[in-house]
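In case you want the letters, here they are:
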Amino acid sequence: MNENWIVKQTLSGVSQFDQSMVNSYPDSNEYLQNARAYLNTVGEVCNYVDASKKLDWAALLPQGAEVLDLGCGGGWLTAMLSRVDSVKTVYALDSSQHFLHKLLPEVMTLMEGNAEKVVTLEALFQPLLFEESYLDAVVASSALHHADNLESVLKGIRRALKPGGLLVILNETPRTGLRFLVSVFVASLRILRNLATRRYMPVSPSISSSGYLYDPDLGDRDYPSWYWLEALKRAGFAVEAVMDTGMSTVKGSKGRPLIHFVCRAV
Ligand SMILES: C[S@@+](CC[C@H](N)C(=O)[O-])C[C@H]1O[C@@H](n2cnc3c(N)ncnc32)[C@H](O)[C@@H]1O
């Protein structure tokens, strides 16, 4: 007799972002369970929605556009893009079942999105199972810094995009030059202190030459700006614009600005 556990094991190994959020930040449960509160967080407390409006979507997206919203979360960007006339389909991809099946439909209704244009995809960043050169555009808001291997995810996106297709990476907060080095230096001192004092950490931050995994539960990574640009180039993208929105993640705070990378598949 043969048994195959691989599918079940893989499914059980897919982390659910919303659950990790609640474990790390119990307060987030309230807004993750309620579409109105979720929209209030991304749109009123934070600048994600406002910063995304700095892009002229109608001008960027071609007629009949097949668009992928990678790591769509609760789907505010999916809903927004489904309202753009030239958009034919928005594939809303995320590994979180709660976001896709509970929050996103309610967000679509509240934002008056066009549900007929939306296809939800419970999936991982890679491999993307679209046919080669199928998509006109890929958008990813505050999502790609969760990629274990940025270049390999970008190569998968490049493969799924038509030549000349659009990739917009939105709402990332990369640090530049010395600021990145200083933040990693401080983090490495913290790691050394934990080791020296035998402070037990079941999962711990890690630093590598490609970036700094500062929250292993959520998979949050800090890549410096130059690393984003190099990974994009190596994956076959030309960066048309790096847009500094001048807006911090949380409204009224002095944090790092939200940055958009507007790129074309070469
Ligand atoms: C910080 S949230 C951003 C959500 C949304 N795009 C926004 O701007 O509000 C990151 C999202 O990426 C998803 N995600 C993280 N790693 C993923 C992976 N490997 N495959 C698919 N989705 C992933 C999470 O479930 C989460 O919804």
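Up top is the structure.
Residues numbered from 1 in each chain as written. Predicted model: local features only at pLDDT ≥ 70, side-chain atom pairs only at ≥ 80, totals over all residues. Heavy atoms only, no water.

S.K.: So what about the sheet that holds strand S1 (residues 65-70)? Which residues, and what values?
M.R.: Whenever strands of a sheet pair, they do so through backbone hydrogen bonds, lying parallel or antiparallel. On the basis of which strands lie adjacent, the open sheet formed by seven strands has the order S3-S2-S1-S4-S5-S10-S9 and mixed pairing. Edge positions in the sheet fall to strand S3 (118-122) and strand S9 (237-248), since each has one partner strand and no second. Geometrically, the sheet is characterised by an average inter-axis angle of 15° between neighbouring strands, direction not taken into account. With six bridges connecting them, strand S4 (residues 135-141) and strand S5 (residues 161-172) associate as parallel partners. Within S5, the residue paired with Ala137 across the bridge is Leu166. Strands S5, S9 and strand S10 (257-265) of the sheet are contacted by helix H11 (residues 225-234), whose axis makes an angle of about 150° with S9. (Pairing = 2+ DSSP bridges. Helix = DSSP H or I, 4+ residues; strand = E, 2+ residues; numbered from the N terminus. Axes fitted to C-alpha atoms, helices over the stretch in contact; angles between N-to-C directions. Contact = heavy atoms within 4.5 Å.)

S.K.: Break down the packing of helix H4 (residues 35-45) against helix H8 (residues 97-110) for me, citing the residues and quoting the values.
M.R.: Contact geometry for H4 and H8: axes closest at 9 Å, N-to-C directions at 75°. Relative to H8, the element H4 is oriented roughly perpendicular. On the side of H4, the interface is formed by Ala35, Arg36, Tyr38 and Leu39, while H8 contributes Leu103, Glu106, Val107 and Leu110. For the contact of H4 with H8, a count of residues per class yields six nonpolar, no polar and two charged. (Parallel < 35°, antiparallel > 145°, perpendicular 65-115°, else oblique. Nonpolar A, V, L, I, M, F, W, Y, C, P; charged D, E, K, R; others polar.)

S.K.: Break down the layout of surface pockets for me, with residues and values.
M.R.: Gaps between atoms show up when a probe of the same size as a water molecule is rolled over them. Within this model, the second largest pocket holds a volume of roughly 370 Å³. Lining the second largest pocket are 16 residues; nearest its centre among them are Glu122, Ala123, Leu124, Pro127 and Leu129. For the lining of the second largest pocket, the secondary-structure elements that each account for two or more residues are helix H1 (6-13) and S3. (1 Å grid on protein atoms, 1.4 Å probe; cavity = no way out; pocket = protein on both sides within 12 Å on 5 of 7 lines; lining within 4 Å. Points joined across faces, edges and corners; volume = space filled by probe spheres on them.)

S.K.: Describe in detail H11, supporting the description with residues and values.
M.R.: If you check which residues of H11 are buried, you get Ser225, Tyr227, Trp228, Ala231 and Leu232. Summarising the axial view, the buried residues of H11 lie within an arc of 165°, below the 170-degree limit, and thus occupy one face. What points out from H11, more than 90 degrees from its buried face, is the exposed set Trp226, Lys233 and Arg234. Packing partners of the buried residues in H11 comprise helix H9 (150-160), S5, S9 and S10. Count one or two residues on from H11 and you reach Gly236, which has phi positive near 100°. (Buried < 20%, exposed > 50% of the residue type's maximum accessible area, 1.4 Å probe, protein only. Arc of directions from axis to C-beta.)

S.K.: Just give me the short version of the site of the ligand, but keep the residues and values in it.
M.R.: In the region of the ligand, 16 residues are neighbours, and Gly71, Trp76, Asp94, Phe125 and Ser141 sit closest. At a separation of 2.7 Å, a nitrogen atom of the ligand approaches a polar backbone atom of Gly71. Within the side chain of Ser141, an N or O atom sits 2.6 Å from an oxygen atom of the ligand. Against a free-state accessible area of 580 Å², the protein chains account for coverage of 86% of the ligand. (Near = heavy atom within 4 Å. Polar contact = N/O pair within 3.5 Å; in protein donor to acceptor, adjacent residues only side chain to side chain. Areas by Shrake-Rupley, 256 points an atom, 1.4 Å probe, with all protein chains shown as cover.)

S.K.: Break down the pattern of salt bridges for me, citing the residues and quoting the values.
M.R.: According to the stated counting rule, one finds 10 salt bridges in the structure shown. Linking Glu151 and Lys155 is a salt bridge whose minimum nitrogen-to-oxygen distance equals 2.7 Å. Of this pair, Glu151 and Lys155 both sit in helix H9, four residues apart, which is roughly one turn of that helix. Note on Glu151: relative accessible area 25%, which makes it partly exposed. (Salt bridge = Lys/Arg side-chain N within 4 Å of Asp/Glu carboxyl O.)

S.K.: Account for the state of the cysteines, naming residues and giving values.
M.R.: Here the structure, examined in full by the defined rule, presents zero disulfides. Of all cysteine sulfurs in the structure, the one in Cys72 sits closest to Cys46, which takes part in no disulfide; the separation is 17 Å. The class of Cys46 is buried, set by a relative accessible area of 10%. (Disulfide = S-S within 2.5 Å.)

S.K.: Go over the sheet that holds strand S8 (residues 220-222) with me, naming the residues and quoting the values.
M.R.: Spatial strand order, S6-S7-S8: three strands in an open sheet with antiparallel pairing. Single-partner strands in this sheet number two, and they are strand S6 (206-208) and S8. Taking the axes of each pair of neighbouring strands and ignoring which way they run, one obtains an average angle of 20° across the sheet. Pairing between S6 and strand S7 (residues 211-215): three bridges, direction antiparallel. Note that in S7 the partner of Ile207 across the bridge is Tyr212.

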